[in-house]
Amino acid sequence: MSLTAQDLEKMQQQYPDYRMELVKGNIIVMSPSGYESDEVAAGMIAQLHNWVRPRKLGRVAASSAGFRLPNSDLRAPDASFVRAERLRRSPKSYAQLAPDLTVEVKSPSDDIEEIRQKIREFLALGTRVGILINPDDRIVEVYYPEKEALILRDGDILTVPELLPGWEVPVSDLWAPEFD
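Residues numbered from 1 in each chain as written. Predicted model: local features only at pLDDT ≥ 70, side-chain atom pairs only at ≥ 80, totals over all residues. Heavy atoms only, no water.

1. Focus on the packing of aromatic side chains
- One pass over the structure, following the stated rule, counts zero aromatic pairs.
- Sitting above the plane of the Trp-51 ring, Arg-55 keeps its charged end 3.3 Å from the centroid.
- The ring of Tyr-144 has Lys-147 lying over it, and the distance from NZ or CZ to the ring centre is 5.4 Å. (Phe/Tyr/Trp six-rings, centres within 6.5 Å; stacked < 30°, edge-to-face > 60°. Lys NZ or Arg CZ within 6 Å of the ring centre and 35° of its normal.)

As structure tokens, then:
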């Protein structure tokens, strides 16, 4: 039996504390991320928001914002950006498009290949740039449609000039701080 976005909405109302996605007609319950990975995601959202908002470039959202994709899946990346001209107003429910930028942060329970596949699916559906942040290995993978991933490490600078002109973040600034 193939489930729909309406089925997901009903299930989400019954279990509001669970994050869920609809993938190929199946409801996937997302486990909570680890503290470190959520802190990294929050930092990335802050970096994006602090650049995007004052320049009115578009909208930045966190992991609870769902996107109803062209293939009928309903997915929620850890962080996302949609250009202003594509989403003039925030929808009350799900955005009916693929975000321009999707960011996934690997948590301890995640399978890295499944995250890469999720990013590739977003790219196939219209996302222009996908970023995978892996705190375990301190690596950032930047994906573009039909190109090899760009691998960044400490000492490198993360940029997305085609979407966020002038935005630069040192990769080493993405990791959770240590207070010794």
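So, next bit.
2. A word on the environment of Ser-37
- Looking at where Ser-37 falls in the secondary structure, it is placed in helix α2 (residues 35–55).
- Looking at Ser-37, the relative accessible area reads 4%, which means it is buried.
- Linking Ser-37 and Asp-136, residues 99 residues apart in sequence, is a C-alpha distance of 9.1 Å.
- Setting aside residues up to four positions removed in sequence, Ser-37 forms contacts with Val-105, Lys-106, Ser-107 and Pro-108. (Helix = DSSP H or I, 4+ residues; strand = E, 2+ residues; numbered from the N terminus. Buried < 20%, exposed > 50% of the residue type's maximum accessible area, 1.4 Å probe, protein only. Contact = heavy atoms within 4.5 Å.)

3. Notes on the nonpolar core
- Among the nonpolar cores identified, the biggest contains 28 residues, and Ile-131, Ile-133, Val-140 and Leu-164 are the most heavily contacted of them.
- Among the elements of the structure, α2, β6 (79–83), β7 (101–105), β8 (129–134) and β9 (139–143) are those that each provide at least two residues to this core.
- If one sorts the elements of this core by residue count, α2 sits on top with seven residues.
- Each residue touching Leu-164, except ones within four places of it in the same chain, is listed here: Leu-48, Trp-51, Val-52, Leu-57, Phe-81 and Leu-101.
- Of all hydrophobic cores here, the second largest spans eight residues; its members include Phe-67, Val-82, Leu-87 and Leu-97. (Core = buried A, V, L, I, M, F, W, Y, C linked by side-chain atoms within 4.5 Å.)

4. Considerations on the pattern of salt bridges
- Applying the stated criterion across every chain yields a total of nine salt bridges.
- Residues Arg-75 and Glu-121 are paired through a salt bridge, measuring 3.1 Å at the closest nitrogen-oxygen approach. In this pair, Arg-75 is assigned in strand β5 (residues 74–75) and Glu-121 in helix α3 (residues 112–124), connecting sequence segments 46 residues apart. Across the pair, exposure class does not vary: Arg-75 and Glu-121 are buried alike. (Salt bridge = Lys/Arg side-chain N within 4 Å of Asp/Glu carboxyl O.)

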